[in-house]
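# Working through the structure, step by step
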Number of protein chains: 2
Amino acid sequence: MTGHSHHAEPIEIWFDFASHYSYLSVMRIEDAAASRGVAVRWKPVLLGPIFRAVGWQSSPFVDQKLKADYAWRDIERQCRKHGLDLVRPRVFPRGSLTPLRVAIAGGDEPWIGDFCREIMRMNFARDQEIDSVDAVSQALGRLGLPAAAIVAQALSDANKNALREQTERARQRGLFGAPTFFVGGEMYWGNDRLEDALEHAARGGH
Amino acid sequence: MTGHSHHAEPIEIWFDFASHYSYLSVMRIEDAAASRGVAVRWKPVLLGPIFRAVGWQSSPFVDQKLKADYAWRDIERQCRKHGLDLVRPRVFPRGSLTPLRVAIAGGDEPWIGDFCREIMRMNFARDQEIDSVDAVSQALGRLGLPAAAIVAQALSDANKNALREQTERARQRGLFGAPTFFVGGEMYWGNDRLEDALEHAARGGH
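Model, not experiment: these values are computed from the prediction.

Regarding its fold elements, chain A presents ten helices and four strands. In sequence order, chain A lays out its α and β elements as β-α-β-α-α-α-α-α-α-α-α-β-β-α. Computed over the C-alpha atoms, the radius of gyration of chain A is 16 Å, within 12% of the 17 Å expected from 2.2 N^0.38 for a compact globule of 206 residues. Projecting the C-alpha coordinates of chain A onto the three principal axes gives extents of approximately 45 × 40 × 35 Å. Each of the 206 residues in chain A was classed as buried or not, and the buried ones make up 55%. Intrachain contacts of chain A at a sequence separation of at least 6 include 72% that bridge at least 24 residues. For chain A, the separation between the mean place of its 26 positive charges and that of its 26 negative charges on side chains is 3 Å.

Strand pairing in a sheet is mediated by backbone hydrogen bonds. Such pairs are either parallel or antiparallel. Residue and element names in this part refer to chain A. In space, the four strands of this open sheet follow the order β2-β1-β3-β4, with mixed pairing throughout. Of all the strands in the sheet, the pair left with one neighbour each is β2 (40-44) and β4 (186-189). Averaged over neighbouring strand pairs, the angle between their axes works out to 20 degrees when direction is ignored. Pairing between strand β1 (residues 11-15) and β2: five bridges, direction parallel. Across the sheet, the residue bridging to I11 is V40, located in β2.

At the interface, 21 residues of chain B touch 21 residues of chain A. Carbon and sulfur atoms supply 49% of the area buried between chain B and chain A, which totals about 2100 Å² over both sides. If you sort the residues of chain B by the area they bury against chain A, B:K67, B:Y70 and B:R193 come out on top, with a joint share of 27%. Joining chain B to chain A, the criterion identifies ten salt bridges. Between A:D196 and B:K81 there is a salt bridge, with its nearest N and O atoms 2.6 Å apart. At the boundary of chain B with chain A, the tally comes to 16 residue pairs in polar contact (both at pLDDT 80 or more). Looking at the side of chain B that touches chain A, the elements that each hand over two or more residues are α4 (65-82) and β4 (186-189) of chain B. Residues that form the side of chain B that touches chain A fall into these classes: nine nonpolar, three polar and nine charged.

Once turned by 180 degrees and shifted 0.0 Å along the axis, chain B lies on chain A with an RMSD of 0.0 Å. In the structure described here, the two chain copies are related by an operation that fits a two-fold rotation axis. Closest to the rotation axis within chain B is the C-alpha of B:D192, separated from it by 3.6 Å. Most of the interface of chain B is mirrored in chain A, where 100% of its interface residues again form contacts.

Here the second largest pocket is characterised by a volume of approximately 340 Å³. Contributing to the lining of the second largest pocket are 18 residues, with A:K81, A:D192, A:R193, B:D192 and B:R193 lying nearest its centre. Elements with a contribution of two residues or more to the lining of the second largest pocket: α4 (65-82) and α10 (194-202) of chain A together with α4 and α10 (194-202) of chain B. Of the residues contributing to the lining of the second largest pocket, the split by class is no nonpolar, six polar and twelve charged.

In this section: helix α8 (residues 147-154) of chain B. Residues and elements named next belong to chain B. Within the span of α8, buried status applies to A147, I150, V151 and A154. What you see down the axis of α8 is that its buried residues fit within an arc of 95 degrees, all on one side. Counted as exposed and oriented over 90 degrees from the buried face of α8: A148, A149 and A152. In this fold, the buried residues of α8 make contact with α5 (97-105), α7 (133-142) and α9 (157-172).

With an omega dihedral of -10 degrees, the bond running from B:F92 to B:P93 counts as a cis peptide bond. For B:P93, the position within the fold is in the loop between α4 and α5. Look at the link from B:A178 to B:P179: it is a cis peptide, with omega at 5 degrees. We note that A:D127 has phi near 50 degrees; this positive angle belongs to a residue other than glycine. Along the chain, A:D127 turns up in the loop between α6 (112-124) and α7 (133-142).

Next up on the list: the pattern of salt bridges. All names here are of chain B. Summed over all chains, the structure comprises 40 salt bridges over all chains. Residue R36 pairs with E199 through a salt bridge whose shortest N-O separation is 2.9 Å. Placement of the pair is R36 in the loop between α1 (20-34) and β2 (40-44) and E199 in helix α10, with a sequence separation of 163 residues. Judged by its relative accessible area of 16%, R36 falls in the buried class. E199 sits in the partly exposed class, given a relative accessible area of 37%.

Parameters and conventions
- Along every chain, residues carry numbers that run from 1 in the direction the sequence is written.
- Chain labels run from A onward and ligand labels from 1 onward, assigned in the order the entries are written.
- Confidence filtering applies because this is a predicted model: local features only for residues at pLDDT of at least 70, side-chain atom pairs given and counted only at 80 or more, and all residues used for totals across whole chains, interfaces and linings.
- Only hydrogens and water are removed before side-chain values are computed, so all heavy atoms of the structure are retained for them.
- Each helix is a run of DSSP H or I of at least 4 residues and each strand a run of E of at least 2, with the numbering of both proceeding from the N terminus.
- Note that the radius of gyration is over C-alpha atoms, with the globule rule given as 2.2 Å times the number of residues to the power 0.38.
- Partly exposed residues are those whose accessible area sits between 20% and 50% of the maximum for their type, while under 20% is buried and over 50% is exposed, using a 1.4 Å probe and protein chains only.
- Two residues qualify as a contact provided that any one of their heavy atoms is within 4.5 Å of a heavy atom in the partner residue.
- Two residue types count as positive, namely Lys and Arg, and two as negative, namely Asp and Glu; His and chain ends fall outside the count.
- By convention, the point assigned to a charge is CZ for Arg, NZ for Lys, CD for Glu and CG for Asp.
- In this analysis, strands are considered paired if DSSP registers two or more bridges between them.
- Here the axes come from fitting lines to C-alpha atoms, over the contacting stretch only for helices, and the angles between their N-to-C directions go from 0 to 180 degrees.
- Simply put, the buried area is the total loss of 1.4 Å probe accessible area from both parts when two parts are fitted together.
- Note on definitions: salt bridges are taken to be side-chain nitrogens of Lys or Arg within 4 Å of carboxyl oxygens of Asp or Glu.
- N or O atoms closer than or at 3.5 Å make up a polar contact, with two conditions inside protein: a donor-capable atom paired with an acceptor-capable one, and, for residues adjacent in sequence, both atoms drawn from side chains.
- In the scheme used here, Gly and all other residues not listed as nonpolar or charged are polar, with Ala, Val, Leu, Ile, Met, Phe, Trp, Tyr, Cys and Pro taken as nonpolar and Asp, Glu, Lys and Arg as charged.
- The least-squares superposition of copies is restricted to C-alpha atoms, and to residues with a pLDDT of at least 70 in both copies.
- Site definitions follow a grid-based scheme: protein atoms alone, a 1 Å grid, a 1.4 Å probe that fits but cannot get out for cavities, and for pockets an open set with protein on both sides within 12 Å along at least five of seven lines, plus lining residues having an atom within 4 Å of a point.
- Grid points are joined across faces, edges and corners, and a volume is the space filled by probe spheres set on the points.
- Working note: the arc is built from the helix axis to C-beta atom directions.

The following block contains the structure:
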């Protein structure tokens, strides 16, 4: 089926590098989509303002200790199931503004998937800080990309504003957590819905 | 494999008849477990006191409107996927104390699975009240069971206390929502984890 589903609808992945359940989907989506002939649109957002708009102080995985502890156990099991490394980060949730700005600047570039996976690996497989010019430059450098030029664009006022606008669009569309997938107007919340969303996309959103 | 997995661990399903995601699992678990040679232990609990212990006023699917609306859309899709009827109840969450008392009284009876499915169908497929002696008597009657005797036992002080104790045990084990599955000491939260929990059980909890 690869590459031949002319009627397939693209899938949007709305995510934050700070989000542990986003880690699972960011690592999996490109292969899973390609095998169904579905194109991926990357939609980085800052979850903090979205959680505050819903009325939460922080992530439900921080505010509620039982659920927070369970989520890490669950993610350990899911990582084992999908063959993903996991080192529980000493800091959670990590600041993610700088790599989100790079991701929105590079949203249509051929390296966007590689970059998102590299930042996610730094946070959740190598327990490294991700929210600095240094951190994103190293990630871009490892991908053989011109880090200085990309970072300069990412830190421009226009691009900072683009991330703000994208976060506001997420809020307007009813997003309340990440990862969230959109296929046309249909919203799917959570890594557990990646496959259902892809099936829907492969059928052309019907 | 059916019936020959001598080393399989039982699976416990902790649920409330008021819980819409529990509907999906209560309807599916017995067939899914049988096909893997896994025994089912039914663990009815009253979710209200558990939510209050976690610090919530009510279900997160009531307090948070965005999430609540999404959950119904998600459940519609899941019901279609699993071939289950769904009529969105006019009242949610419905009172469920009376059928929970019957379920704890009949926990080891051969009719427990049928009874649980019948009450769930009343709530989520037929939009009927479930929290009265009348409602549970009709359900028991449709199963050909001696309703009056079963209800009398369900309403005894000892049995009321058994439900209170079971709810307290749930809280002590870290349960924060339903359905929740236990396989030995391993906890799995949510209908989306039924299959993983069953695989773990079929491997004998290893």
